[in-house]
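Residue-level structural notes
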Amino acid sequence: MKKNYLLLCRATLLLNCFVFAQNSFKGFIGGGENRSIALLCDGTVRTWGDDVEGQLGNGAGAASNTPVQVVGIGSVGFLDSVTQVAAGRNHCLALLCDG
């Protein structure tokens, strides 16, 4: 059985693409100047692109051409219970289910 895939591409650099299984992608994606953010069905978040000032949220401080999972609040575990995501010129945002 073939899986359906959704191709998510960075708005600024179309060479940096990543394939998510369609059943894991919730449908929210945002793009900043040089980074992108995606919300998965399990409420976790992936980011990729430039990370000059920690915009990817994974604590590495380095750019990533493939999606990385965002670290949780207080650097504990991974961010979850997210309902919406957005990105701007130099930032990424995630709205948690408890507001």
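Below is a summary of the structure that appears in this document. Not measured: the values here are computed from a predicted model.

Focus on the overall build of the protein
When helices and strands are tallied, the protein shows zero helices and eight strands. Within the span of the protein, comprising 99 residues, buried residues form 34% of the whole. Intrachain contacts of the protein at a sequence separation of at least 6 include 31% that bridge at least 24 residues.

Considering the side chain of R46
With respect to the helices and strands, the residue R46 is situated in strand β5 (residues 45-49). Although R46 is buried, it forms no salt bridge, and the closest oppositely charged side chain is D42 at an N-O distance of 5.1 Å. In terms of polar contacts, R46 uses its side chain to reach the side chain of T44, at 2.9 Å.

Structural notes on unusual backbone geometry
Phi is positive for S75, which is not a glycine, with a value near 60°. Given a relative accessible area of 63%, S75 falls into the exposed group. You will see that S81, though not glycine, has its phi angle at about 60°, which is positive. Of note, S81 is situated in the loop between β6 (64-69) and β7 (82-88). On the basis of relative accessible area, S81 is assigned to the partly exposed category, the value being 36%.

Here's the deal with the environment of T66
Checked against the element boundaries, T66 lands in strand β6. Along the primary structure T66 and G49 are separated by 17 residues, whereas in three dimensions their C-alpha atoms are 7.7 Å apart.

Rules of the game
Residues numbered from 1 in each chain as written. Predicted model: local features only at pLDDT ≥ 70, side-chain atom pairs only at ≥ 80, totals over all residues. Heavy atoms only, no water. Helix = DSSP H or I, 4+ residues; strand = E, 2+ residues; numbered from the N terminus. Buried < 20%, exposed > 50% of the residue type's maximum accessible area, 1.4 Å probe, protein only. Contact = heavy atoms within 4.5 Å. Lys, Arg positive; Asp, Glu negative; His and termini not counted. Salt bridge = Lys/Arg side-chain N within 4 Å of Asp/Glu carboxyl O. Polar contact = N/O pair within 3.5 Å; in protein donor to acceptor, adjacent residues only side chain to side chain.

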